[in-house]
Amino acid sequence: METTALGALRPEHELLLALSRPELTIEKQQEIRAFLAAHGTEIGWGEFLDQACRHQMLPLIGRHLSRLRLTHSDAGKPLVPYRWIYSDVYEGSRRRNQVLADEYARVLRALNAAGVRYLIRKGPVLGEHYYHDLAARRISNIDVFLRRSDYPRLQEAVTGLGYRMGELDATGSSIVPFDRRTELYWKVNLTNTSLPYARVGDRDLVESYLVSSMFSLFQPMLGIRDDADDFLDRSMPISLYGVPARMLHPADQILDACIQIHLRATLFYYIESGKDLLVRNFLDLVHLLLAANPETLDDLRARVARFGCGASAYYSLVHTWQLYPDLVPEKFVDEFRPADTAYLNEYGAFDGGRFTWKRTFAERLFDPRRIDEVAACSKVPGPRSVV
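Anyway, here's the lowdown on the structure attached to this text. If you're wondering where the values come from, they're calculated on a predicted model, not measured in any experiment.

When helices and strands are counted, the protein shows 16 helices and 11 strands. Here the C-alpha radius of gyration of the protein, 21 Å, is about what a compact globule of 387 residues would show, namely 21 Å. Oriented by its inertia axes, the alpha-carbon framework of the protein measures out at about 60 × 50 × 45 Å. When burial is assessed residue by residue, the protein has 56% of its 387 residues classed as buried. Contacts spanning at least 24 positions in sequence make up 71% of the contacts within the protein whose residues lie at least 6 apart.

See below:
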């Protein structure tokens, strides 16, 4: 069952990637059943579940396994133990995301009433408009992109809904302010964003609601100048959770995903939290590419050239191609290939250093101990759910 260009993988990891796809054709379903019949006894199911959770893929995997009855052979023989785990997680994800949808619809209505000019990035948009399944993609916060001049109106709108700038306390029962060191670091070094506003969750399904905001798609360490109005002018109208809103232009969504994958994979901040390499983020990019028409891809080429972020585009595209070679055209990826690709094996450049991984991308992807190899540590204080 060769689904990637990563080479030989452990059976648990091979199965995870085979199931981490937008849709499964009849042929893919048959391949997965045959693989389970042949290798089911070799699979460490604890490792499989752990990796599915680490990579935030369990809801989608649960959908495929339960809806398509891949847990059983055509003859009805069980192929996967504890089938109920996968159906329960998928339905639990639906309930959780519905609670978040109801809450973030309140936020959108408040922003609209306040006359804030904004667009919504990432999770909520991807889940509703690209995955087309409220349950398949786990979300946590709502990420608002706006002009810095509109930020006071956003603050007023969300505080009026009971949000405070801060994070959950150790007991998970209240929101406490960030310490002064964290606030100062964000103001000085992360000028493209602000610390999030949070509200304690109303139900057991949601610990807290988070509203994040950004004024630039590019973090300061990238040295790229952009104009919020440019992205806002190009944004597209959508209905999100039943409320009128806007999202990034499709080409800018791909650009945003590429920048984020590169940053997350190489910043100490994310490596330390284990969120540097997530299959979900590569799958997000696949969804965006599959939905893109030729005009969108031409626009993407122009945007990458304009902002000089070809290195990030190639980094993200080539690794996504390695995971999904049948869904991401290699010829398209090669268009962004720079003369020197040594940086593909490096990390820490955006932190001011430059270090080389001792192991390949494939070897690191499923090994949480990769952090032991890291040569330095992040100087960024504060919550790991931000940036």
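From this point on, the discussion continues.
This brings us to the nonpolar core. Leu-15, Leu-19, Leu-108, Tyr-118, Tyr-163, Phe-218 and Ile-254 are the most contacted members of the largest nonpolar core, which totals 123 residues. Residue contacts for Leu-19: discarding those within four places in its chain leaves Leu-24, Ile-32, Phe-48, Leu-60, Ile-61, His-64, Leu-65 and Leu-70.

Glancing now at helix H1 (residues 11-19). Helical periodicity: at 3.6 residues per turn, an α-helix aligns residues three or four positions apart in one direction. Counting buried positions over the 9 residues of H1 gives 9, a clear majority of the element. Along H1, the residues that are buried comprise Pro-11, Glu-12, His-13, Glu-14, Leu-15, Leu-16, Leu-17, Ala-18 and Leu-19. Contacts made by the buried residues of H1 are with helix H2 (26-39), helix H3 (45-54), helix H4 (58-67), helix H12 (279-291) and helix H14 (310-323).

Using the criterion set out here, one finds 17 aromatic pairs in the structure. Taken together, Phe-145, Phe-218, Phe-231 and Phe-307 form an aromatic cluster joined through their ring pairs. The ring centre of Tyr-163 lies 5.9 Å from the NZ or CZ of Arg-199, which sits over that ring. The lysine or arginine in question, Arg-303, covers the ring of Phe-231, its NZ or CZ lying 5.0 Å from the ring centre.

When their charged atoms lie close together, side chains carrying opposite charge are able to pair. Summed over the entire model, instances satisfying the criterion amount to 30 salt bridges. Measuring nitrogen to oxygen at the nearest pair gives 3.9 Å for the salt bridge that ties Arg-63 to Glu-23. Here Glu-23 lies in the loop between H1 and H2 and Arg-63 lies in helix H4, a separation of 40 residues in the sequence. In this structure, a network of salt bridges that share partners links the residues Arg-117, Arg-147, Asp-150, Arg-153, Asp-229 and Asp-233.

Take a probe with the size of a water molecule and roll it over the atoms, and the empty space left behind shows itself. Volume-wise, the second largest pocket comes out at about 270 Å³. Lining of the second largest pocket is provided by 17 residues; of these, Tyr-185, Met-221, Phe-350, Asp-351 and Val-380 occupy positions nearest its centre. Elements with a contribution of two residues or more to the lining of the second largest pocket: helix H8 (180-189) and helix H11 (268-273). Top element by residues in the lining of the second largest pocket is H11. It accounts for 3 residues. For the lining of the second largest pocket, a count of residues per class yields 12 nonpolar, 3 polar and 2 charged.

Okay, the packing of helix H10 (residues 250-266) against helix H13 (residues 294-307) next. Contact geometry of H10 with H13 gives a least axis separation of 8 Å together with a crossing angle of 50°. Considering their axes alone, H10 and H13 lie oblique with respect to each other. The interaxial crossing formed by H10 with H13 has right-handed handedness. The segment H10 lies against H13, with Pro-250, Ala-251, Asp-252, Ile-254 and Leu-255 engaging Thr-296, Leu-297, Asp-299, Leu-300, Arg-303, Val-304 and Phe-307. Per-class residue counts for the contact of H10 with H13 are 8 nonpolar, 1 polar and 3 charged.

Where burial is concerned, the two faces of strand E9 (residues 243-247) differ: the one with Val-243, Ala-245 and Met-247 is buried and the one with Pro-244 and Arg-246 is not. Sheet topology note: the strand E8 (residues 236-240)/E9 ladder contains 5 bridges and is antiparallel. Counterpart to Met-236 in the pairing with E9 is Met-247. Between E8 and E9, which pair antiparallel and follow one another directly, the connecting turn spans 2 residues, one of which, Tyr-241, has a positive phi of 55°.

Basis of the calculations
Residues numbered from 1 in each chain as written. Predicted model: local features only at pLDDT ≥ 70, side-chain atom pairs only at ≥ 80, totals over all residues. Heavy atoms only, no water. Helix = DSSP H or I, 4+ residues; strand = E, 2+ residues; numbered from the N terminus. Rg over C-alpha atoms; globule rule 2.2 N^0.38 Å. Buried < 20%, exposed > 50% of the residue type's maximum accessible area, 1.4 Å probe, protein only. Contact = heavy atoms within 4.5 Å. Core = buried A, V, L, I, M, F, W, Y, C linked by side-chain atoms within 4.5 Å. Phe/Tyr/Trp six-rings, centres within 6.5 Å; stacked < 30°, edge-to-face > 60°. Lys NZ or Arg CZ within 6 Å of the ring centre and 35° of its normal. Salt bridge = Lys/Arg side-chain N within 4 Å of Asp/Glu carboxyl O. 1 Å grid on protein atoms, 1.4 Å probe; cavity = no way out; pocket = protein on both sides within 12 Å on 5 of 7 lines; lining within 4 Å. Points joined across faces, edges and corners; volume = space filled by probe spheres on them. Nonpolar A, V, L, I, M, F, W, Y, C, P; charged D, E, K, R; others polar. Axes fitted to C-alpha atoms, helices over the stretch in contact; angles between N-to-C directions. Parallel < 35°, antiparallel > 145°, perpendicular 65-115°, else oblique. Left-handed = near helix turned anticlockwise from the far one by under 90°. Pairing = 2+ DSSP bridges.

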